Amino acid sequence: GPYQDRQPFSAWQDNSICAVEQQLATAHNFGIDFFVFDWYFNVAVNDPGENLNSALQITQALPDRYGMQYAILYVDSPPFDVQPTNWTTAVNEWVGYMTDPDYVQVSGKPVLFIIDVGEMRSDFGTSVAVSGALQQLRAAAQAQGLSGVYVVGGFGVPDGTMGQNSLSDGFAIAQTDGYDAIAFYNYAFAPPPVNGMLPFSTLSAAGLWTWNEAAQSSPLPFIPTAMAGWDPRPWNETESTSGDLMWYSRTPQDVATFAQAAIAWAAANPQLRPEPPPTPPLVLIEAWNEFGEGSHVIPTAGDGTTYGDAIAAMLLGP
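Cut-offs applied
- Residues numbered from 1 in each chain as written.
- Predicted model: local features only at pLDDT ≥ 70, side-chain atom pairs only at ≥ 80, totals over all residues.
- Heavy atoms only, no water.
- Core = buried A, V, L, I, M, F, W, Y, C linked by side-chain atoms within 4.5 Å.
- Buried < 20%, exposed > 50% of the residue type's maximum accessible area, 1.4 Å probe, protein only.
- Helix = DSSP H or I, 4+ residues; strand = E, 2+ residues; numbered from the N terminus.
- Contact = heavy atoms within 4.5 Å.
- 1 Å grid on protein atoms, 1.4 Å probe; cavity = no way out; pocket = protein on both sides within 12 Å on 5 of 7 lines; lining within 4 Å.
- Points joined across faces, edges and corners; volume = space filled by probe spheres on them.
- Nonpolar A, V, L, I, M, F, W, Y, C, P; charged D, E, K, R; others polar.
- Salt bridge = Lys/Arg side-chain N within 4 Å of Asp/Glu carboxyl O.
- Pairing = 2+ DSSP bridges.

J.: Summarise the nonpolar core; cite the residues concerned and give the values.
T.: Core analysis: the largest hydrophobic core is formed by 97 residues, its most contacted members being Trp94 and Tyr179. Among the elements that line this core, the one with the most residues is helix α3 (residues 87-98), at 7 residues. Here Tyr179 is in contact with Ile114, Val117, Met120, Val130, Leu134, Arg138, Val151, Val152, Gly153, Ala174 and Leu220, once residues within four sequence places are set aside.

Following this line, the structure appears as structure tokens:
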């Protein structure tokens, strides 16, 4: 189709050692410290012939990760959510990764990101049950000689909420259910729905709004996420031809400036940082390779290394 320019230099699939090694080395050269891999339970329901966790598994098996660390984001969305009866199985697999010296630690503990605190509450039924499940995870890590697990929860930003104090409920759920911190995967639909292309400044304004909501309402530490874009037309051809679709323009400098803003915000809000200074601020970029959503910085046929180069130049600047 018309989006061949998004083809990554390492090929479309992360199912070979070479492809994963190339990406680890390239990301490290851009100044990126770690990947947070989406982790899926029950992957066979998606496509029996495709392993959605292949990149994570290959990374774990590599003897040389080219200076990169890694962590896990548990995608607790149907059909991949872990039911209580399978929780122990998932916990044991996660802790197996967490014992790796290259697994990312926050405040001296391996970090686990969970994409949706609301879905966890739905799966386990009550706040007490979610809290118990997270404590089981921490205890399993401690049994392996670790200090516990630093659990970061996220939730979706509802359509049309930008400009309202509407995220406090999600923050409250995260606190009540026993999470250590909060971070959003993305927030592409925070502005009021619009058809067609919007300037990147609209996306960055949405990000800043979510960060400032945290400054006002979050009882827990907060990790800001800078999105690298949003253009889901490859996954929504029907909507794109009918006009019922929204996407953002973007340039490499747009993305680098947005990431710089996330660093500056974290530095200006030390009370919300997971780790106090002089530890460097912790920020996330969404994402390395979300091609279908148009949120990526990996080198591609169309953009080359320009997005990663811009991030690297920003990180090396004043």
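J.: Outline empty space enclosed by the protein, listing residues and values.
T.: Under the counting rule described, the total for this entry stands at 1 cavity of 30 Å³ or more. Reported here for the largest cavity is a volume of approximately 40 Å³. Taken together, Val106, Arg273, Pro274, Glu275, Pro280, Pro281 and Leu282 make up the full set of residues lining the largest cavity. Residues belonging to the lining of the largest cavity are distributed by class as follows: 5 nonpolar, no polar and 2 charged.

J.: Pulling in residues and values, what's your account of the layout of surface pockets?
T.: In this structure, the second largest pocket spans a volume of roughly 370 Å³. Forming the walls of the second largest pocket are 17 residues, and the residues nearest its centre are Ile115, Gly156, Tyr185, Asn186 and Glu293.

J.: Quick one: what's the story with the environment of Gly308, residue by residue and with numbers?
T.: Within the secondary structure, Gly308 sits in helix α10 (residues 306-315). Residues Gly308 and Ala256, spaced 52 residues apart in sequence, show a C-alpha to C-alpha distance of 8.4 Å.

J.: Requested: an account of the pattern of salt bridges, with residues and values cited.
T.: Counted under the stated rule, the structure contains 7 salt bridges. Between Asp177 and Arg121 there is a salt bridge whose closest N-O contact spans 2.9 Å. Of this pair, Asp177 sits in the loop between α6 (168-176) and β6 (181-182) while Arg121 sits in helix α4 (residues 117-124), placing them 56 residues apart in sequence. Given a relative accessible area of 26%, Arg121 falls into the partly exposed group. The partner of Arg138 in a salt bridge is Asp180, and the shortest N-O contact between them spans 2.9 Å. Of this pair, Arg138 sits in helix α5 (residues 127-143) while Asp180 sits in the loop between α6 and β6; the two residues are 42 residues apart in sequence, bridging distant segments of the chain. Under the relative-accessibility criterion, Asp180 is labelled partly exposed at 21%. Each of Arg6, Asp231 and Arg233 takes part in a single network of salt bridges with overlapping partners.

J.: Which residues make up the pairing of strand β5 (residues 150-153), and what values go with them?
T.: Burial along β5 is two-sided: the residues Tyr150 and Val152 and Val151 and Gly153 are all buried. In this structure, strand β4 (residues 109-114) lies alongside β5, joined through 4 bridges in parallel fashion. If you follow Ile114 over to β5, its bridge partner there is Gly153. Looking at chain direction, β5 and β6 are connected through 2 bridges and run parallel. Paired with Val152 across the two strands is Ala181, which belongs to β6.

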